[in-house]
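Chain and residue survey
Listed below are the residues making up each chain.
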Amino acid sequence: MGKVLLTGFSGFLGSTILNFLESENYEIIKAGRNKESDIQFNLLKDTLPKVDVDYVIHVAGKAHVIPKTELEKEAFFKVNFIGTKNLVDGLNLKKLKTFIFISSVAVYGVDSGELIEENHPLKGNTPYALSKIKAEELLIDFGKRNNIKIVILRLPLITGKNPVGNLSSIIKAIQKGYYFRIGKGEAKRSLISALDVANVIPHLLNLNGVYNYTDCHHPEIAEIDSAIAREYNKKIRKLPKIILKVIGKFGDIIPLFPFNSNKFEKLTSTLTFSNRKILKKINYRPLSGLKDIV
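My aim in this report is to walk through the structure given alongside it, one point at a time.

Calculation criteria
Residues numbered from 1 in each chain as written. Predicted model: local features only at pLDDT ≥ 70, side-chain atom pairs only at ≥ 80, totals over all residues. Heavy atoms only, no water. Helix = DSSP H or I, 4+ residues; strand = E, 2+ residues; numbered from the N terminus. Rg over C-alpha atoms; globule rule 2.2 N^0.38 Å. Buried < 20%, exposed > 50% of the residue type's maximum accessible area, 1.4 Å probe, protein only. Contact = heavy atoms within 4.5 Å. Expected span 1.5 Å × (residues − 1). Salt bridge = Lys/Arg side-chain N within 4 Å of Asp/Glu carboxyl O. Pairing = 2+ DSSP bridges. Axes fitted to C-alpha atoms, helices over the stretch in contact; angles between N-to-C directions. Phe/Tyr/Trp six-rings, centres within 6.5 Å; stacked < 30°, edge-to-face > 60°. Parallel < 35°, antiparallel > 145°, perpendicular 65-115°, else oblique. Left-handed = near helix turned anticlockwise from the far one by under 90°. Nonpolar A, V, L, I, M, F, W, Y, C, P; charged D, E, K, R; others polar.

This part takes up the overall build of the chain. From N to C terminus, the chain includes nine helices and 13 strands. A compact globule built from 294 residues should have a C-alpha radius of gyration of about 19 Å, and the chain, at 20 Å, falls within 12% of that. Dimensions along the principal axes, computed over C-alpha positions, put the chain at roughly 60 × 40 × 35 Å. Looking at the chain as a whole, 50% of its 294 residues are labelled buried. For the chain, the proportion of contacts with a sequence separation of at least 24, taken over those separated by at least 6, is 77%.

Encoded structure:
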């Protein structure tokens, strides 16, 4: 089945991918700073020692942090772009067939929209989004120059055991009782289970291109928070939309107020991404996103 180099293998998503590929008897070379790495190297400082592999799955990266200083902003660039460059520069290209890069729908830089496709302009302007965009560009050029297949997998909210990022924050808020659903929670969101990301990997090894990868069901926020509340035997409290909308209006005219109309729109608008392109290419249907919400 070929030899696979995996980065980010100790993280939330990377560990799920590692466990699945090992269960399928893939030969895995774990690369990173972790003591359990087969190849120990620092993406920020080192070029990967030359290694012969058939496939690379690059999961390692910086995310889920809001940078407050220029140094923190620069860290995204260093980890997600320079780190990717250092990885690519160390690969032995004689055997390499496919490079799979875990990216994000954050590259689109949108707060609302329905079934956004891969040809949507990349307007992401956060340090995270910009670093992912630059890494994507680097890899696409690398693939063309060296006749290597590049798969860019743009993921939305990832569900699974002990999730990270926004989902983790929602779960904690529901557990501690300070979560409020806005109105009926009718806005929809795209998500994908970490298990479905792992299970799709074998289907990607002969592909080439940029793909959104989301669950086949885009649940309403009410479905998401209700599933979490049931798991922890909690009740969801609700806040009328009109109240929050009025608060947002005040925020528009009061400097430094923590809430405004723009934030109101973000919280109440649908944001979903199309998976039509990838589903035309593979014989696998991701269906576990909401089921694996916690």
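By the element assignment, Lys161 lies in the loop between strand S8 (157-159) and helix H4 (166-176). Under the relative-accessibility criterion, Lys161 is labelled exposed at 69%. The sequence separation of Lys161 and Ile171 amounts to 10 residues, and the corresponding C-alpha distance is 11 Å.

Turning our attention to unusual backbone geometry. A positive phi angle is found at Leu115, which is not glycine, with a value near 50 degrees. The residue Leu115 is located in strand S6 (residues 113-116) in this model. On the basis of relative accessibility, which here comes to 47%, the residue Leu115 falls in the partly exposed class.

Further remarks concern helix H3 (residues 127-146). Between its terminal C-alpha atoms H3 stretches 29 Å, which fits the 28 Å expected from 20 residues at 1.5 Å a residue. Next to the buried residues of H3 lie helix H2 (70-89), strand S5 (98-104) and strand S7 (149-155). The first or second residue beyond H3 is Asn147, which carries a positive phi of 55 degrees.

We now examine the pattern of salt bridges. In total, this model carries 10 salt bridges according to the counting rule given. Ionic pairing is found between Asp141 and Arg145, a salt bridge with its closest N-O pair at 2.8 Å. With Asp141 and Arg145 both in helix H3 and four residues apart, the pair spans about one turn of that helix. The class for Asp141 is partly exposed, based on a relative accessible area of 39%. Each of Asp54, Lys95 and Lys97 takes part in salt bridges that share partners, so that together they form one network.

Further remarks concern the sheet that holds strand S2 (residues 27-32). Hydrogen bonding along the main chain pairs the strands of a sheet, whether they run parallel or antiparallel. Read across the sheet, seven strands follow the order S3-S2-S1-S4-S5-S7-S11 without closing on themselves; strand pairing throughout is parallel. Both edges of this open sheet fall to strand S3 (39-40) and strand S11 (209-212), since each of them pairs with a single strand only. Note: S7 against S11, four bridges, orientation parallel. Across the sheet, the residue bridging to Val151 is Gly209, located in S11. Contacts from helix H5 (residues 194-204) reach strand S4 (55-58), S5 and S7, with the element oriented near 155 degrees to S7.

What follows covers the packing of helix H7 (residues 241-253) against helix H8 (residues 261-268). The geometry of H7 relative to H8 is characterised by a closest axis approach of 7 Å and an angle of 150 degrees between their N-to-C directions. For the pair H7 and H8, the contacting residues are Lys241, Leu244, Lys245, Gly248, Lys249 and Asp252 in the first and Ser261, Phe264 and Thr268 in the second.

Where burial is concerned, most of S7 is hidden: six out of the seven residues are buried. Across seven bridges, S5 lies against S7 in parallel orientation. What sits directly across from Ser103, in S7, is Arg154.

We now examine the side chain of Thr214. Inspection of the secondary structure assignment puts Thr214 in the loop between S11 and helix H6 (221-232). Apart from residues no more than four positions distant in its own chain, Thr214 is found in contact with Pro156, Ser190, Leu191, Ile192, Phe273, Asn275 and Pro286.

The subject of this paragraph is the packing of aromatic side chains. Within the structure shown, the criterion is met by three aromatic pairs. Between Phe76 and Tyr128, the ring centres sit 6.1 Å apart and the planes meet at 70 degrees, which makes this aromatic pair edge-to-face. Residue Phe76 is located in helix H2, and its partner Tyr128 is located in helix H3; the two are separated by 52 residues in the primary sequence. Judged by its relative accessible area of 1%, Phe76 falls in the buried class. Where Tyr108 meets Phe273, the ring centres are 5.7 Å apart and the plane angle is 20 degrees; that geometry is what we call stacked. Here Tyr108 is found in the loop between S5 and S6, whereas its partner Phe273 is found in strand S13 (residues 271-273), with 165 residues between them in sequence. The burial state of Tyr108 is the same as that of Phe273; both residues are buried.

Let us look at the packing of H2 against H3. The geometry of a pair of packed helices is captured by two quantities: the angle between their axes and the separation between those axes. At a minimum axis separation of 8 Å, H2 and H3 run at an interaxial angle of 15 degrees. Classed by the angle they form, the pair H2 and H3 counts as roughly parallel. The interaxial crossing formed by H2 with H3 has right-handed handedness. Contact residues: H2 offers Lys73, Phe76, Phe77, Asn80, Phe81, Thr84, Lys85 and Val88, while H3 offers Pro127, Tyr128, Ser131, Lys132, Lys134, Ala135, Leu138, Leu139 and Phe142. Within the contact of H2 with H3, the residues separate by chemical class into 10 nonpolar, three polar and four charged.

That is the geometry; function is a separate question.
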